[in-house]
Amino acid sequence: MNAPDPRFAPPAMPAALLAALTERLGARCSTALAVREQHGRDESIFDMPPPQAVVFAENEAEVAFVVQQAALHRVPVIPFGAGSSLEGHLLAVRGGISLDVNRMNALVSLNAEDLTVTVQPGITRKQLNEAIKHEGLFFPIDPGADASLGGMAATRASGTNAVRYGTMRENVLGLRFVNARGEVVRTGSRAKKSSAGYDLTRLLVGSEGTLGVITELTLKLYPLPQAVSAAICFFPSIDAAVQTAMQVIQMGVPIARCELLDANAIRAVNLHDKLGLREAPMLLMEFHGTEGGVAEQAATVQELASEHGGEAFEWATTPEARTRLWAARHHAYFSALQTRPGCRSITTDTCVPISRLAESINESVREADAAGLPYFIVGHVGDGNFHLAYLLDPAKPEERETAERLSQQMVARALRLGGTCTGEHGIGLHKQGFLVDETGEEAVAMMRAVKAALDPDGIFNPGKVFAPQA
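**Student:** Teacher, can you tell me more about helix H11 (residues 291–307) here?
**Tutor:** For an α-helix the count is 3.6 residues per turn, leaving residues at separations of three or four pointing the same way. When the terminal C-alpha atoms of H11 are compared, their 25 Å separation across 17 residues agrees well with the 24 Å that a helix rising 1.5 Å per residue should span. Against the buried residues of H11 lie strand E12 (227–234), helix H9 (238–250), strand E14 (282–289) and strand E15 (311–316). The positive-phi residue at the C-terminal boundary of H11 is Gly 309, with phi of around 85 degrees.

Structure representation (structure tokens):
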């Protein structure tokens, strides 16, 4: 784990740079403290000084202009989307410009017959799905927060539907981005596959804003399923719930969503959403397909669950009932924060091979219970990914130390079990040391070489992904 030094004082913003930005963008270049502070925080545990300026771009040409001017003065540029990062991606650790692309939220072109769409980076997943539902299509990547598509690509997001539809890595066909010279680069196409040259699309997907600013994305779409059914099932223990999820995947049941909530998470969403659910480990599942296929999948899962003590199966077949359940799942993080007013959260996600998931979660739970710090668990257990969030009093440094220790133990365990230090949150500021542990010094050296080649002056989101070198 890494913690940025809040004492770092960036050099003053060059007056010539501010003058050029103001001349081109007018009031959309702001140095107002309130605006800077809004863009200088996310959902991570870190407190850092805000960026020195915020620019609201409305088109690709303006993004290119901002980058050109920043490069001329070697001033950092931090792309900003919905601001929902959990790992400090948006923090201006070396000062500079927060480049807000939220106003670039247009649907550029929809090719329903090819199941593709091209969008600007500021459009959110909910906005996109609202715009295309009349065509009988949807975009399935659902990280919980109503994140921007550009941010989701930059962090290689996934979420609740990944077990069936994959992650952003599999669903971005091509993109446009502005490089460190302020040039617009196009990668990929609308074709479903290509073997033409290096895969620059995948290089940008997951780069966390350190290689360029994404200005357009071409995405895969999927037909809305003929039938959708959601179910909840309660278990006597977390282990029983996880064992059920593991068997569902190992048997090849094409489940669309398979989410775990522990009793602490259920208690929080009950309070927030007035649900009245049993406060016990729960699987929240969803099935997509034909009427017959959904019924068959559901029957198989119900049988597996009963073998592990699962009971009180409840079905939600109407859109309203399903929406209420999934809204509660997506509210789990903020619902839990409200159970301890004034608290902060250290949220760690790991992903392991499905056969090692029970071991990974059970050990993490034992450690968390022994430490006595409030916590909750949610997880996309269908693909081996889970999140453990520790709720701490920011006025008590010993609680943060405990949470960091538990997080480190959880990540080290995932690596030992053949998994990854982050399934979907990204490296950001928090997991830079674990990137080395997971991939090795040689691989990180290659990543640094790519960064140096594409961003020689280090203007794009500096201080992220890689630990500072002595």
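More follows now that the structure is in view.
**Student:** Is there a simple way to think about a nonpolar patch on the surface in this case?
**Tutor:** A cluster of nonpolar residues, Tyr 198, Leu 200, Leu 203, Val 450 and Leu 454, forms a patch on the protein surface that exposes about 470 Å² of accessible area. Going through the elements one at a time, helix H8 (200–204) and helix H17 (441–454) are the ones with two or more residues in the nonpolar patch. Along the chain, Val 450 falls in helix H17. Residue Val 450 is classed as partly exposed on the basis of its relative accessible area of 32%.

**Student:** Mind showing me how you'd approach the pattern of salt bridges here?
**Tutor:** Two side chains carrying opposite charge are able to pair once their charged atoms lie near each other. Applying the stated criterion to the full structure yields 23 salt bridges. For Arg 169, the salt bridge identified is with Glu 170, shortest N-O distance 2.6 Å. The exposure class assigned to Glu 170 is partly exposed, which follows from its relative accessible area of 28%. In this structure, Lys 451 engages Asp 455 in a salt bridge whose closest nitrogen and oxygen atoms are separated by 2.6 Å. Taken individually, Lys 451 and Asp 455 each receive the classification buried, so the pair is uniform in this respect. Taken together, the salt bridges that share partners define one network made up of Arg 28, Glu 58, Glu 62 and Arg 103.

**Student:** I keep staring at the pairing of strand E5 (residues 107–111) and nothing clicks. Help me out?
**Tutor:** Along any regular strand the residues' side chains alternate between the sheet's two faces. Relative to strand E6 (residues 116–119), E5 runs antiparallel, the two being bridged by four bridges. Counterpart to Ser 109 in the pairing with E6 is Thr 118. The turn linking E5 back onto E6 is made up of four residues, and Leu 115 within it adopts a positive phi angle of 60 degrees.

**Student:** Just to check I follow, could you spell out the packing of aromatic side chains for this structure?
**Tutor:** In this description, a pair of aromatic rings is defined by centroid distance and the angle of the planes. Going through the model one piece at a time under the given rule, you end up with five aromatic pairs. Note on Phe 138 and Tyr 165: the rings are 5.5 Å apart at their centroids and 90 degrees apart in plane angle, and the pair reads as edge-to-face. Of this pair, Phe 138 sits in strand E7 (residues 137–138) while Tyr 165 sits in helix H6 (residues 162–165), placing them 27 residues apart in sequence. For the pair Phe 138 and Tyr 165, one class covers both residues: buried. For the pair Tyr 333 and Phe 334, a centre-to-centre distance of 5.0 Å together with 80 degrees between the ring planes defines the contact as edge-to-face. Put simply, the rings of Phe 138, Tyr 165 and Tyr 222 touch in pairs and so form one group of aromatic residues.

So, how was this worked out
- Residues numbered from 1 in each chain as written.
- Predicted model: local features only at pLDDT ≥ 70, side-chain atom pairs only at ≥ 80, totals over all residues.
- Heavy atoms only, no water.
- Helix = DSSP H or I, 4+ residues; strand = E, 2+ residues; numbered from the N terminus.
- Expected span 1.5 Å × (residues − 1).
- Contact = heavy atoms within 4.5 Å.
- Patch = residues over 30% accessible without salt bridge, like charges linked within 9 Å, V, L, I, M, F, W, Y side chains within 5 Å.
- Areas by Shrake-Rupley, 256 points an atom, 1.4 Å probe, with all protein chains shown as cover.
- Salt bridge = Lys/Arg side-chain N within 4 Å of Asp/Glu carboxyl O.
- Buried < 20%, exposed > 50% of the residue type's maximum accessible area, 1.4 Å probe, protein only.
- Pairing = 2+ DSSP bridges.
- Phe/Tyr/Trp six-rings, centres within 6.5 Å; stacked < 30°, edge-to-face > 60°.

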